[in-house]
Amino acid sequence: MDELDRRILALFAAEPRLGVLEASRRLRVARGTVQARLDRMQTSGVITDWAPTVSPRALGYRVTAFVTCEIDQGAGRRQVAEHLESIPEVLECWTITGDGDLWVRVVARSNADVQRVIDQMHTDAGVLRTSTQIALAKEFGHRTGPLVQQAGTD
């Protein structure tokens, strides 16, 4: 990753709907150069998504909760993960170390609705116990800009 890659990523992060031709004009490089670098970064996994970021809050899901699941190790983590993936309100699931086995980010329409989502999680016999924390406020969201600026400068 070099300075031009960082500039390309910063530009598209700030303006994801920007076309390659306009990006090349702003960056003062050939359109083919921008396209080739975007293609390379996508192929290598640096760029993982071009989809719009959807706000659960705007869809009526005003509550975010973080659920730690303890699972039956014999049942297998993959089976439980597939069950959790079938629940629309489950946004992320990570295998973790520590007191639990899986960390799950969920959204719900209300605090009471969080209970419905947790109950749905427990319909899989592999989910033994959950511990839930309700998010109060988002201090900042997912970000990668600082990593991009630091990448390749070490």
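Residues numbered from 1 in each chain as written. Predicted model: local features only at pLDDT ≥ 70, side-chain atom pairs only at ≥ 80, totals over all residues. Heavy atoms only, no water.

1. Remarks on the pattern of salt bridges
Stage number 1. A full pass over the atoms with the stated rule returns 13 salt bridges.
Stage number 2. For the salt bridge of Arg6 with Glu3, the shortest nitrogen-to-oxygen distance reads 3.2 Å. Of this pair, Arg6 and Glu3 both sit in helix α1 (residues 3–14), 3 residues apart, which is roughly one turn of the helix.
Stage number 3. A salt bridge links Arg78 to Glu85; the nearest nitrogen and oxygen atoms lie 3.8 Å apart. Here Arg78 matches Glu85 in class, with each residue exposed.
Stage number 4. Connected via shared salt-bridge partners are Asp2, Asp5, Arg37 and Arg40. (Salt bridge = Lys/Arg side-chain N within 4 Å of Asp/Glu carboxyl O. Helix = DSSP H or I, 4+ residues; strand = E, 2+ residues; numbered from the N terminus. Buried < 20%, exposed > 50% of the residue type's maximum accessible area, 1.4 Å probe, protein only.)

2. Observations concerning the UniProt feature "domain: HTH asnC-type" (unreviewed entry) in the protein
Stage number 1. The positions UniProt marks with the feature "domain: HTH asnC-type" (unreviewed entry) are residues 1–62.
Stage number 2. Spanning residues 1–62, this segment combines 53% helix with 0% strand, and its end C-alpha atoms are found 38 Å apart. (UniProt positions renumbered as here; feature names shortened; annotations may be inferred.)

3. Some thoughts on helix α3 (residues 31–43)
Stage number 1. The first and last C-alpha atoms of α3 sit 18 Å apart over 13 residues, in line with the 18 Å expected at 1.5 Å per residue.
Stage number 2. Burial in α3 covers these residues: Val34, Arg37, Leu38 and Met41. Axial view of α3: buried residues confined to an arc of 100°, hence all on one face.
Stage number 3. The elements touched by buried residues of α3 are α1 and α2 (20–27). (Expected span 1.5 Å × (residues − 1). Arc of directions from axis to C-beta. Contact = heavy atoms within 4.5 Å.)

4. A look at the packing of aromatic side chains
Stage number 1. What the rule picks out here adds up to 2 aromatic pairs.
Stage number 2. Where Phe12 meets Trp50, the ring centres are 5.9 Å apart and the plane angle is 90°; that geometry is what we call edge-to-face. Taken together, the positions of Phe12 in helix α1 and Trp50 in the loop between α3 and β1 (63–71) put the pair 38 residues apart, joining distant regions of the chain.
Stage number 3. Taking relative accessible area as the criterion, Phe12 reaches 8% and is therefore assigned buried.
Stage number 4. Residue classification places Trp50 among the partly exposed residues on the basis of a relative accessible area of 42%.
Stage number 5. Seen in terms of ring centroids, Phe66 and Trp103 are 5.3 Å apart; in terms of plane orientation they differ by 20°. Their pairing is stacked. Residue Phe66 is found in strand β1, and its partner Trp103 is found in strand β3 (residues 102–108); the two are separated by 37 residues along the sequence.
Stage number 6. Overall, the relative accessible area of 25% leaves Trp103 in the partly exposed class. (Phe/Tyr/Trp six-rings, centres within 6.5 Å; stacked < 30°, edge-to-face > 60°.)

5. A word on the environment of Trp50
Stage number 1. Sequence separation between Trp50 and Phe12 is 38 residues; the distance between their C-alpha atoms is 9.7 Å.
Stage number 2. A distance of 3.4 Å separates polar atoms of two side chains, one belonging to Trp50 and the other to Gln42. (Polar contact = N/O pair within 3.5 Å; in protein donor to acceptor, adjacent residues only side chain to side chain.)

6. Topic: the sheet that holds strand β2 (residues 90–95)
Stage number 1. What the 4 strands build is an open sheet, ordered β2-β3-β1-β4; its pairing is antiparallel. Pairing within the sheet leaves two strands with one partner each, and these edge strands are β2 and β4 (127–134). Strand-to-strand twist in this sheet, taken as the mean axis angle between neighbours without regard to direction, amounts to 25°.
Stage number 2. Packed onto the sheet, helix α5 (residues 111–121) meets β1, β3 and β4 and runs at close to 135° relative to β3. (Pairing = 2+ DSSP bridges. Axes fitted to C-alpha atoms, helices over the stretch in contact; angles between N-to-C directions.)

7. Structural notes on α5
Stage number 1. Turning to α5, its buried residues number three or more, namely Asp113, Val114, Val117, Ile118 and Met121. The buried residues of α5 occupy an angular sector of 150° when the element is viewed end-on, so they sit on one face.
Stage number 2. Looking at the packing, one finds that the buried side of α5 touches β1, α4 (77–85), β3 and β4.

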